[in-house]
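Take a look at the letters that make up each chain.
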Amino acid sequence: MSSGFLYKSELLLLLPLAGFLLFGLGKKASKKHLFFHVLVAFLLILALAAPYSAEITSPETNQSRITVISDETTSMELLQKGVPQNISEKLSNRVPVTVTTISGSHTSLGDAIMQQASPENYVLIISDGQSNSGTPIEDALSYCYGNGFPVAALIPNTLKEDLSVEIEGGNELVIGNEAPFELYVRKSTENEMRYELRVTVDHKQVMEKKIIQTGRIESFNFSHTFDTLGPHTVKATLHPANINVKGLDYFENNNQYMKSVYVTPKPKVLFVTEERDSPLASILNEVYEVHPARSFSSLNGMDAVVIDNQAASTISNSEVEALRKYIINGGGMVVVGGDTSFDYPAERTYQNTQFETLLPVTSSSSNWRGGRNIVLMLDVSPSTLQSNRIGGRVLDDILSNAVVLLENDHLKDARVDVITFGSKGKDVTNGFVDMSKESNRLWLEGEIRKITPSGDSTSLERGMLAARNLLRGQNSSADAEIIIVSDGGIGNRNEGDKTFEQAISCADSLHEEGIGIHFVHIHSPSTERQVTPNGKYYADLMMNRIGLSKNYNKIEPGQRVNVSFSEKSEDSEDIEDNFSSGALIVYDPRHFITREISEIPHDLLGYNEVSPKPEANRLVATRLGKPVITVWRLGLGRVAAVTTDNGYGQGVPWAPSLYTGNDSLVITRTLNWAVADTEMFESMQLKVPDLKVNQPGRILITTREEGAPELYFDKKPMEITPIGNRMYESYVTPVTFGLHKISEKPAGVNETEEFMPESFGVENVSWRPASANCPDEYTHIGENPLFRTALLENGGKIYTTADIYSRITTDSVTHAEKQAVTKVIYTKYILVLAFLIYLIYTLYHTYNTRMK
């Protein structure tokens, strides 16, 4: 509500009126007579100024409007046709229907959803759910869910059979190393199909299989060891590739896939060690060109340096400066622990040395209090906008306590995801954030302070379901906790409502899965659905019902909570002893080193006591939080600290299993990560991915010389854009399938990969191979099975051609709120008041005068 005057300048007439009043008071005139005349004049001036009041209202309107997103891209040729047109014709007489079309050889379904979604618009997607450009479809649906935009889908039946093939593997490989490849054959339906699969390397067949496939996707693993340098090709073909398989294979251009490979010499690694026959040495010798040494005197030409259990006393300051310069310019370094490194020997550790400044860890004991994946659930329902009785809102207390929780010492090493829940749940952080980094904590606090209320009610159950899905995607060996911060308005709305019972059931199942639950109840007397008819708080009752009453914290507005995670139950006193052998967990599963490594089953028998630096990434740790693999970037280079021994340990090994079998993968990846830049001493480095026909592909270029290089894609000059210090990018768009060349001089295209025989196995830095395959539109075929899941998880609906007409007219009715400003002008009311005052006084004065 606001108020004002339409014509404020008219109020200046009050000044002479005030002068007249003062003049009249100085005379012997009747003060009553003067008062009434001045009052009437005052009201007339007020009426001239036109006073008003304005109120902003949000009236609800029920309306129905459907926008059909019709996917008519190439992949839809396999599905039933004419569905969008039929729906539009049958519904247009009942509700307004608009049809928008996406077409071509690329599908930007996420972008189309984002463009059409709104509170008043019911979006119906008719598509196979395959989206290969623009906004990811999961992000678009999550955006709609978070903002309350209705979205539904109808997926037509897949009528035509088709097969596609794709190869995954490295484009740049090391000579003499076994290179793994994975081959995927996708099928548009569940029907049985027979075909022959052949794989060739440089025209020589390495695999042939006859396949009977019923499932939508089959994968095949194969490996190959390249024993010559330079360009090579790997090609997979579904046979017969140029004719339809029994008349059923619809597309022909996706029956072959070519991968270009460039083979480089083995990376050169300087290995500073006293134990050249250790398990670590064996891994290095298998993969790299190893140069054993006892000092750092020969870093020139090395792709990385591995420092194995070297005492602080053996590393001089001049060697540290040489290492610093080497790393900053792009070199890699891996420092492996043991009984004479990091925190050993006690009289001279790495702590506070110049060498320690290069490392992602300090040689001091890690004060571990985290080791948890925590979802912080914040109540943002409309009830949190109520006054907290101390000059603010309940929401202010919820957000302030969330910030306080992030500063809790027990969360310093935790990974935290923040979601909000009203009638729906929304992921604020878009994934878990490592709280050991101060920059992450400050960013997260800023994001929390931006949160505003949403939804029309409090659905605790939906929030907990969203939290469970987030925690299920994390490492199962880490502790999982949910912290709910709410005003406690979680009770049933009416007698038949089961909201509270559903929330208890959900919380109980979470507790049974081993997920800890804490409830921070911001008590405000004005909050509805907070107290049961028996006078108990719903939040307290819920925590009692699931056996976690000790985790219920009720605080008053203005107070700050202190949630404790350190309480040990009676049967947990020996936990540290149980894990003292060094049970390992993958702390950050998203890093290159730990990706797809769910667990490391064998224990360590010893480790060095270190603490990660604030900007380092802790990747692998013991169950008690002792870092084992920690990494960071220093300048252009990479540094990894492996804080256990080399698997030999002078006869008493700490980590024998970490260098054998499947467990050794994490060590191999750590070494590969450190030596990622195998061409750092070449004049030019190119990173070339597999390209797609008629799709731009990004080429990354790094040079050792000033100025942008001149390069050609086949015979056409490449447009090269600087993106950093001696770093460039270029986008190329091939128009034909086959092998293309990136070179310093114009070179012809080889569409069938028919290199001159002498081109194979020759290291030639003047050009690189680049293979182009069919667009993604032909690779991912048939219905996308993840589309249904993503839609349902984000509150959408799925229709069929049989039920859409009976359901959609009701479902599409939206409740829209539009803000409107209503002004009420009081001029006529003031004039009426002035007239009545003047009339009544005149009658009164006339009557009294005549009576006298």
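Before any of the text, the structure's been laid out above.
Reading the values: rules and limits
- Residues numbered from 1 in each chain as written.
- Predicted model: local features only at pLDDT ≥ 70, side-chain atom pairs only at ≥ 80, totals over all residues.
- Heavy atoms only, no water.
- Pairing = 2+ DSSP bridges.
- Helix = DSSP H or I, 4+ residues; strand = E, 2+ residues; numbered from the N terminus.
- Axes fitted to C-alpha atoms, helices over the stretch in contact; angles between N-to-C directions.
- Contact = heavy atoms within 4.5 Å.
- Buried < 20%, exposed > 50% of the residue type's maximum accessible area, 1.4 Å probe, protein only.
- Arc of directions from axis to C-beta.
- Phe/Tyr/Trp six-rings, centres within 6.5 Å; stacked < 30°, edge-to-face > 60°.
- Left-handed = near helix turned anticlockwise from the far one by under 90°.
- Nonpolar A, V, L, I, M, F, W, Y, C, P; charged D, E, K, R; others polar.

A. Representation of the sheet that holds strand β7 (residues 151-154) in the model. Taken together, the 5 strands give an open sheet; going across it, the order is β5-β4-β6-β7-β42, and neighbouring strands pair in parallel fashion. Of all strands in the sheet, those bounded by a partner on one side alone are β5 (97-104) and β42 (797-799). Sheet twist, expressed as the mean angle between neighbouring strand axes with direction ignored, is 25°. When strand β4 (residues 66-73) meets strand β6 (residues 122-126), the two strands line up parallel, connected through 5 bridges. If you follow I66 over to β6, its bridge partner there is Y122. The sheet strands contacting helix α17 (residues 804-811) are β4, β6, β7 and β42, and the helix crosses β42 at an angle near 150°.

B. How the structure looks around the environment of D277. Positionally, D277 belongs in the loop between β16 (268-272) and α6 (279-287). Residues D277 and N646, spaced 369 residues apart in sequence, show a C-alpha to C-alpha distance of 10.0 Å.

C. Focus on the pairing of β4. Of all 8 residues that make up β4, 7 are buried, and the element is covered over most of its length. Note: β4 against β5, 8 bridges, orientation parallel. Bridging across to β5, I66 finds its partner in V97.

D. Geometry of unusual backbone geometry. Residue P345 is reached from Y344 by a cis peptide bond, and omega for that bond is -15°. Counting through the fold element by element, P345 comes out in the loop between β19 (332-336) and β20 (361-362). The backbone of F342 sits at a positive phi, close to 55°, despite the residue not being glycine. Take F342: it is sitting in the loop between β19 and β20. Residue class for F342 comes out buried when judged on its relative accessible area of 0%. A positive phi angle, close to 60°, is found at D714, a residue other than glycine. Summarising the element assignment, D714 is placed in the loop between β36 (712-713) and β37 (716-717).

E. Quick peek at helix α4 (residues 109-116). Those residues of α4 lying buried are L109, G110, A112 and I113. Seen end-on, α4 carries its buried residues on one side only, within an arc spanning 160°. Among the structural elements, β4, β5, β6, α5 (137-147) and β7 are those in contact with the buried residues of α4.

F. Here's a closer look at the packing of aromatic side chains. Under the definition given, this model contains 13 aromatic pairs. Taking 5.1 Å as the distance between ring centres and 85° as the angle between the ring planes, the aromatic pair formed by Y350 and F355 counts as edge-to-face. The pair formed by Y350 and F355 is uniform in burial state, with each residue classed as buried. Here Y841 and Y844 contribute two aromatic rings whose centre-to-centre distance is 6.5 Å and whose plane-to-plane angle is 40°, an arrangement assigned as tilted.

G. Structural view of the packing of helix α3 (residues 83-91) against α17. Contact geometry for α3 and α17: axes closest at 12 Å, N-to-C directions at 65°. Crossing handedness for the pair α3 and α17: right-handed. For the pair formed by α3 and α17, the contact residues are N86, I87, K90 and L91 on the first element and I804, Y805, I808 and T809 on the second. Partitioned by chemical class, the residues of the contact of α3 with α17 number 5 nonpolar, 2 polar and 1 charged.

H. Region of interest: α3. Those residues of α3 that fall on the buried side of the exposure criterion are V83, P84, I87, S88 and L91. All buried residues of α3 project into a common sector of 130° when viewed along the axis, lining one side. Projecting away from the buried face of α3 at angles above 90 degrees are the exposed residues E89 and K90. Each element contacted by the buried residues of α3 is listed here: β4, β5, β6, β7 and α17.

Don't take any of this as a statement about function, it's just geometry.
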